[in-house]
Amino acid sequence: MSGAGLDPRTAPKFQVAARRLVGDAQMRKNVRHATNVIQTKRAKVVAEMPDWEDLRESGRQIRRHTLRHLDYYLLQFEKNCTAAGGVVHWARDAEEARQIVIKLVKQSGPQGESPTEIIKIKSMTTEEIQLNQALEEAGVHAYETDLAELIIQLGHDQPSHIVVPALHKNRAQIREIFQREMHLPGSDFSNLGGTPQDLADAARRFLREKFLRVKTAVSGANFLIADTGGVCIVESEGNGRMCLTLPETLISVAGIDKVVPKFSDLEVMLQLLPRSATGERMNPYNSIWTGVDKTAAGDGPRTFHVVLVDNARTKILADEEARQTLQCIRCGACLNACPVYLQTGGHAYGSVYAGPIGAILTPQLMEMHHAQSLPYASSLCGACYEVCPVKIDIPEVLIHLRNKVVKQQSSGLNILANPEVMALKAVARVFRSEAVFRIAQKLGRLAELPLSHKDSNGVGWIDWLPGMLGGWTQVRDLRVMPKQTFRQWFEAREKAGKKGAADGK
Amino acid sequence: MESEEAGRGLRVSLFITCYNDTLFPETGKAVVKVLERLGHTVDFPAGQTCCGQMHWNTGYQEEGLPMLTRFLEQFKDSEVIVSPSTSCVAMMKDHYPIMAERMKDPKITAEVAAILPKVWEFSQFLTQKLGIEDVGAYFPHRVTYHASCHGLRSLHLGDGPQRLLRAVRGIDLVEIENLEQCCGFGGTFAIKNAEVSSAMLADKVRGVLNTRAEVVTGCDNSCLMHVGGSLHRQRTGVWPLHIAEILAGEE
Ligand code: SF4
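Residues numbered from 1 in each chain as written. Chains lettered and ligands numbered in written order. Predicted model: local features only at pLDDT ≥ 70, side-chain atom pairs only at ≥ 80, totals over all residues. Heavy atoms only, no water.

## Observations concerning the packing of aromatic side chains
Piece 1. Under the criterion given, the structure shown has 16 aromatic pairs over all chains.
Piece 2. With a centroid separation of 6.0 Å and 85° between ring planes, the pair formed by Trp472 of chain A and Phe185 of chain B is classed as edge-to-face. Pair noted here: Trp472 of chain A is in helix α21 (residues 470-473) and Phe185 of chain B is in the loop between β6 (172-174) and α10 (189-192), and the two residues belong to different chains. Neither residue differs from the other here; Trp472 of chain A and Phe185 of chain B are each classed as buried.
Piece 3. Judged by centre distance (5.5 Å) and plane angle (40°), the rings of Phe486 of chain A and Trp489 of chain A are tilted. A residue pair is termed a helical-turn pair when its members lie 3 or 4 positions apart in one helix, as Phe486 of chain A and Trp489 of chain A do in helix α22 (residues 486-495) at three residues. In terms of burial, Phe486 of chain A and Trp489 of chain A fall into one category: buried.
Piece 4. Ring-pair connections join several aromatic residues into one group, and the members of that group are Phe486, Trp489 and Phe490 of chain A together with Phe44 of chain B.
Piece 5. The ring centre of Tyr143 of chain A lies 5.0 Å from the NZ or CZ of Lys210 of chain A, which sits over that ring. (Phe/Tyr/Trp six-rings, centres within 6.5 Å; stacked < 30°, edge-to-face > 60°. Helix = DSSP H or I, 4+ residues; strand = E, 2+ residues; numbered from the N terminus. Buried < 20%, exposed > 50% of the residue type's maximum accessible area, 1.4 Å probe, protein only. Lys NZ or Arg CZ within 6 Å of the ring centre and 35° of its normal.)

Structure below.
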């Protein structure tokens, strides 16, 4: 993977990217191992909760209710956050969000000078708006401080999972990246060992220096709390806690969907999220901060900004059947459970949002102009829905988005360029009449005749099909149609007065 | 536990589904045989075609709607409706109410609400509606059961099919690893995303072969066609067979 961001506007179709990735044996082994470990842990901590299904339902209702009254809760959050000393900014789209953050970063140095470096806490929203690249172009380098994000950044790689972004790399590969890319005056990483302890030590040494030196931090947010104006982040490594407390300036970037009405709603959310995300009962670090401490002895950042990003979310909200997408709390459980993700890893999705949630979120963030192959990147097996802590019916949303794709593809002259649309519309006409269906069954038998040959048991099989259907015969044979359909058999039997038994004797 | 339904012969309307009708008539015959052996009568509304699943799930929602009205017309007088396809029954249970709403016709909404409780997937009809597990079958082979996703997650068949199989005389039933994992069929997914579907299929086939079963069974011929297609390509000698055909087996 190159250092250029995963961008749905330029990414290849899912099928095309996947074709290459299923050939990457090392990546597939890493993904299989990692998702298996997380899933097993998740299953264990979920099974010990007698009220898990009730919790899921509460989670769904809290998120649904919030989205129904999003305008109210966002304004309430703004009011309370401002009263506590925070500054709230509103961004319509990614470009506006980037400009706001860049401006805030540039003002954040001592005497209003621009710093050349910032530290960052892992945040999907800043990935979505491609913030790091924009900062770099503005002369500011962003250091990712989450271990996995650091691995991605140093490796000039791209995240492949929304919770565990470097899940496609194993320990040996990580050691190699650290040896090659970690440079710190007074430290030598070239003889780095390969144990988890060695790697964590190296990252700690490398990052500590940044935490102590850099005075501006950018974070995302897990939850915005409307009734207190507080912001909540949960994490495992403590790097977040460092970024939230040591710098002078903190800028938190959050999608407008991240709000929850009440502080007490965290009671539900903080049970659902860690169990679903990492299979932990509780995250090691749970930080909630509300504005700034204005006393002279005040702790933490002196300046605190929140940038609220829409970036197509209000459009998603307007779509009755797809709006449940916004309930997502980015736990990643659907990725770990997905048999498609298991085979391809995250990069096939051409977006920072991979897996089932990516397949429904990305096309909608792009307002359906890009990523039209993603709604089809699913066998609709339903494993994602089963694990989702806020009960997003992902298969249902996928089907809804497929309908949108079909409508775009069959509008005007587009239809002529698309054999699938033509074929499925023709088949639909067949099913509208029993008589036509019977004829089609006969014609089908004739059409496949030249393709079939008998095996040693005298059974007819097809091992090659033309065009689109060739996808089937790549790895599978197809039995030829039997000479008699069920309905013909049943009718013959009725006519004979059921004289022959059901087995046709 | 046998329910009171078991004692009385029911008039069962068979919804064979388009692909079973065309490609797997033996499954339909086996369903008829089992139901008749249990003392029920089977009728076959002749105008039936397809449940609409392929169109609905691929994004051709408008094209799927007439299949709902056709189904309602054909089965409106049925006492109970049985279908040997988990994915088609799941399609009906999950989507017919949504389709009816889309059509904005209160009559259709009411008809759907009235008919759906009468619709049963074949194995579910036996274990839940009739409350029986032993259907008097004989099948002296080593068998593994593939749980199709729709049966598992939408119809919540649980271990119903396995209980039916365990009661078959002579059977050697072995459980497959990762029973809950999708086989990678997914309708048009198998063609639109052939590579990924094949990779998923490889995992499933490995699971089947590890059981050293002679037969892989399930409640949905579409998954079995997919898994069986690969088993045949590799000349494994393992044979796919719908559960109805095992339950129809006799000494
Ligand atoms: S869709 Fe559900 S399971 Fe997937 S990341 Fe979002 S909350 Fe988690």
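There is more to say, and it comes next.
## So, the domain arrangement of chain B
All names here are of chain B.
Piece 1. With domains assigned, chain B is organised as domain 1 (3-129) and domain 2 (142-247).
Piece 2. For domain 1 and domain 2, the distance between their C-alpha centroids amounts to 22 Å.
Piece 3. Taken residue by residue, the interface counts 28 residues in domain 1 and 22 residues in domain 2.
Piece 4. When domain 1 packs against domain 2, the two sides together hide about 1,900 Å² of surface, and 63% of this comes from carbon and sulfur. (Domains from an automatic or database assignment. Contact = heavy atoms within 4.5 Å. Buried area = accessible area lost by both parts, 1.4 Å probe.)

## Here's the deal with the interface of chain B and chain A
Piece 1. Taken together, the contact pairs 65 residues of chain B with 67 residues of chain A.
Piece 2. Note on chain B versus chain A: buried area summed over both sides is about 6,000 Å², and carbon and sulfur give 58% of it.
Piece 3. Sorting the residues of chain B by area buried against chain A places Tyr60, Glu195 and Arg233 of chain B first, and these three jointly supply 11% of that buried surface.
Piece 4. The interface formed by chain B and chain A holds ten salt bridges in total.
Piece 5. For the salt bridge of Glu36 of chain B with Arg493 of chain A, the shortest nitrogen-to-oxygen distance reads 2.6 Å.
Piece 6. Inspection of the chain B/chain A interface yields 38 residue pairs in polar contact (both at pLDDT 80 or more).
Piece 7. Looking at which element gives the most residues to the side of chain B that touches chain A, the answer is helix α11 (residues 194-210) of chain B, with nine residues. (Salt bridge = Lys/Arg side-chain N within 4 Å of Asp/Glu carboxyl O. Polar contact = N/O pair within 3.5 Å; in protein donor to acceptor, adjacent residues only side chain to side chain.)

## A look at the pairing of strand β2 (residues 117-120) of chain A
All names here are of chain A.
Piece 1. Residues of β2 alternate between two faces, with Glu117 and Ile119 on one and Ile118 and Lys120 on the opposite face, all of them buried.
Piece 2. Here β2 runs beside strand β3 (residues 141-144); their pairing, made up of four bridges, is parallel. Each residue of the ladder has a partner; that of Glu117, found in β3, is His141.
Piece 3. Looking at chain direction, β2 and strand β4 (residues 216-219) are connected through two bridges and run parallel. Bridge assignment links Lys120 to a residue of β4, and that residue is Val218. (Pairing = 2+ DSSP bridges.)

## What to know about the sheet that holds strand β2 (residues 41-43) of chain B
All names here are of chain B.
Piece 1. Sheet architecture is open: four strands sit in the order β2-β1-β3-β4, paired in parallel fashion. Both outer strands of the open sheet, β2 and β4 (119-121), are each paired with one neighbouring strand and no more. Shown here is a sheet whose adjacent strand axes are inclined to one another by a mean of 35°, direction ignored.
Piece 2. Two strands pair when backbone bridges link them, and strand β1 (residues 11-14) and β2 are joined in this way by three bridges, in the parallel orientation. (Axes fitted to C-alpha atoms, helices over the stretch in contact; angles between N-to-C directions.)

## Digging into a nonpolar patch on the surface
Piece 1. On the surface, Ile439, Leu443, Leu446 and Leu449 of chain A cluster together into a nonpolar patch covering about 420 Å² of accessible area.
Piece 2. Judged by relative accessible area, which is 51%, Leu443 of chain A ranks as exposed. (Patch = residues over 30% accessible without salt bridge, like charges linked within 9 Å, V, L, I, M, F, W, Y side chains within 5 Å. Areas by Shrake-Rupley, 256 points an atom, 1.4 Å probe, with all protein chains shown as cover.)

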